[in-house]
Amino acid sequence: MTEPSRTVEIERKFDVDSETPLPDWGAIPGVDAVTEGEARALDARYLDTADAALSRSGVALRRRTGGPDAGWHVKGPREGDGRLELGWPLGDGDAVPDAVAQAISRWTTDPLLPLARIENDRTAYLLTGPGGVVAEFVDDHVRATDLRTGTQRAWREWEMELGPAAPADATGRAMFFLAVQEAVFAAGGRHASSGSKLARALGF
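Counting of residues starts from 1 at the beginning of each chain's written sequence and follows it residue by residue. Reporting of local features is limited, given that this is a predicted model, to residues whose pLDDT is at least 70; pairs of side-chain atoms are given and counted only at 80 or more, and all residues count toward the totals for whole chains, interfaces and linings. Excluding hydrogens and water, the side-chain figures rest on all heavy atoms present in the structure.

Caption draft 1: Summary view of the overall build of the chain. Each helix is a run of H or I in the DSSP string that is no shorter than four residues. Each strand is a run of E no shorter than two, and both are numbered from the N terminus. Along its length, the chain carries 4 helices and 11 strands. Against the compact-globule benchmark of 17 Å for 204 residues, the chain has a radius of gyration of 17 Å, which places it among compact chains. Overall, the C-alpha framework of the chain stretches about 50 × 35 × 30 Å when taken along its three principal axes. Relative to its 204 residues, the chain shows a buried fraction of 43%. Considering only contacts within the chain whose residues lie at least 6 apart along the sequence, 65% involve residues at least 24 apart. Here the Shrake-Rupley method, with its probe set to 1.4 Å, supplies the accessible areas, and only the displayed protein chains count as covering residues. If you sum the accessible surface of the chain, you get close to 10,500 Å²; carbon and sulfur atoms cover 51% of it. In this treatment the radius of gyration is a C-alpha quantity, and the globule benchmark scales as 2.2 Å times the residue count to the 0.38 power. Think of it in three bands: residues with accessible area under 20% of the maximum for their type are buried, residues over 50% are exposed, and the middle band is partly exposed, with areas taken using a 1.4 Å probe on protein chains only. Contacts are assigned to residue pairs that have any heavy atoms within 4.5 Å of one another.

Caption draft 2: Molecular detail of the nonpolar core. Counting 22 residues, the largest nonpolar core has Trp25, Ile28, Phe137, Trp158, Met160, Phe176 and Val180 as its most contacted members. Mapped onto this core, the elements with two or more residues apiece are strand 2 (11-16), strand 8 (113-129), strand 9 (132-146), strand 10 (152-162) and helix 3 (170-187). Considering every element that reaches this core, the biggest residue donor is helix 3, with 7 residues. Not counting residues within four places of it along the chain, the set of residues in contact with Ile28 comprises Phe176, Ala179, Val180 and Ala183. In these notes, a set of buried Ala, Val, Leu, Ile, Met, Phe, Trp, Tyr and Cys residues joined through side-chain atoms within 4.5 Å is what counts as a nonpolar core. In this structure, Tyr46, Val142, Ala144 and Leu198 belong to the second largest nonpolar core, which totals 12 residues.

Caption draft 3: Geometry of the side chain of Asp48. Secondary-structure assignment places Asp48 in strand 4 (residues 38-48). Only four residue types enter the charge count: Lys and Arg as positive, Asp and Glu as negative, with His and the chain ends excluded. Here, a salt bridge means any side-chain nitrogen of Lys or Arg that lies within 4 Å of a carboxyl oxygen of Asp or Glu. Among buried Asp, Glu, Lys and Arg side chains, Asp48 stands out as unpaired, with Arg56 the closest opposite charge at 7.3 Å. With residues near it in sequence (within four places) discarded, Asp48 still touches Ala53, Leu54, Ser55, Pro111, Leu112, Leu113 and Leu115.

Caption draft 4: Expanded view of the pairing of strand 6 (residues 71-79). Both strand 5 (residues 60-65) and strand 6 contribute to a ladder of 5 bridges, which runs antiparallel. Note that in strand 6 the partner of Arg64 across the bridge is Gly71. Any two strands with at least two DSSP-identified bridges between them are counted as paired. Counting the residues that bridge the hairpin from strand 5 to strand 6 gives 5 residues, and of these Gly66 lies at a positive phi of roughly 90 degrees. Two strands pair when backbone bridges link them, and strand 6 and strand 7 (residues 82-88) are joined in this way by 6 bridges, in the antiparallel orientation. Looking across to strand 7, one finds that Trp72 is bridged to Trp88.

Caption draft 5: Helix 3, seen in detail. A rise of 1.5 Å per residue sets the reference length of helix 3, with its 18 residues, at 26 Å; its end C-alpha atoms lie 26 Å apart and thus fit the reference within 8%. Of all the positions in helix 3, only Gly172, Phe176, Phe177, Ala179, Val180, Ala183, Val184 and Ala187 are classed as buried. Along the axis of helix 3, the buried positions cluster into a sector of 155 degrees, meaning they face one direction only. Exposed residues on helix 3 whose side chains face more than 90 degrees from its buried face are Ala170, Thr171, Met175, Glu182 and Ala186. On its buried face, helix 3 is in contact with strand 2, strand 9, strand 10 and strand 11 (190-191). Looking at the residues trailing helix 3, positive phi occurs at Gly188, about 115 degrees. For a helix, the expected span equals 1.5 Å multiplied by the number of residues minus one. Directions are taken from the helix axis to each C-beta atom, and the arc is the one they span.

Caption draft 6: The arrangement of the packing of aromatic side chains in detail. Only Phe, Tyr and Trp rings take part, Trp by its six-membered ring, and two of them pair if their centres are within 6.5 Å. Stacked means planes under 30 degrees apart, edge-to-face means over 60, and tilted covers everything else. Within this structure, the stated rule accounts for 5 aromatic pairs. Taking 6.4 Å as the distance between ring centres and 90 degrees as the angle between the ring planes, the aromatic pair formed by Phe14 and Phe185 counts as edge-to-face. Of this pair, Phe14 sits in strand 2 while Phe185 sits in helix 3, and the two are 171 residues apart along the sequence. When its relative accessible area of 4% is taken as the criterion, Phe14 is described as buried. Assessed through its relative accessible area of 33%, Phe185 is described here as partly exposed.

Caption draft 7: Seen up close, the pattern of salt bridges. Applying the stated criterion across every chain, the model contains 24 salt bridges. Put simply, Glu136 and Arg40 hold a salt bridge, and the shortest N to O gap is 3.3 Å. Taken together, the residues span a long stretch of sequence, with Glu136 in strand 9 and Arg40 in strand 4 at a distance of 96 residues. For Arg40, a relative accessible area of 14% translates into the label buried.

What follows is the structure, encoded as structure tokens:
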């Protein structure tokens, strides 16, 4: 299996009601255009040990189909303002590939069990400026099942993740996200009630 892809996610999440209109991005610094929305049907299965060794370490392991980054993903613990995400191709079958098992071995080598399924009807928009993609905004309609208990939950959320043409300095990023927050709040959004889709799927 090839070396994993590596990306550092720097994003902000917001809760939003089902009928809330999309924000107006006209006042976002460095952004001069927004693409048409691209629909993506995502289906992710999350795994963990019986004693939640990965979750307790701030790590998430999933196999996701749909969208441009379908595959196996390991999201590491949060470091500063971001999380390192490693990605591998889907491969054949549902068994955890050896390379993925090796990647999580620093946290656990115990057997992995189904933890949650998260289905997401996503619409993705690119916010672009003179230098390229400043950020990706996604409008997510989520259906989640806690596979340990069968509990089902549904919600809508927004995410804004920095792109390659985002401000490179901490001050610039802070100003960007402040403008994003103001636009989101003006549209009717609010701070996220949970740190991740997985946590919310499990009732946290």
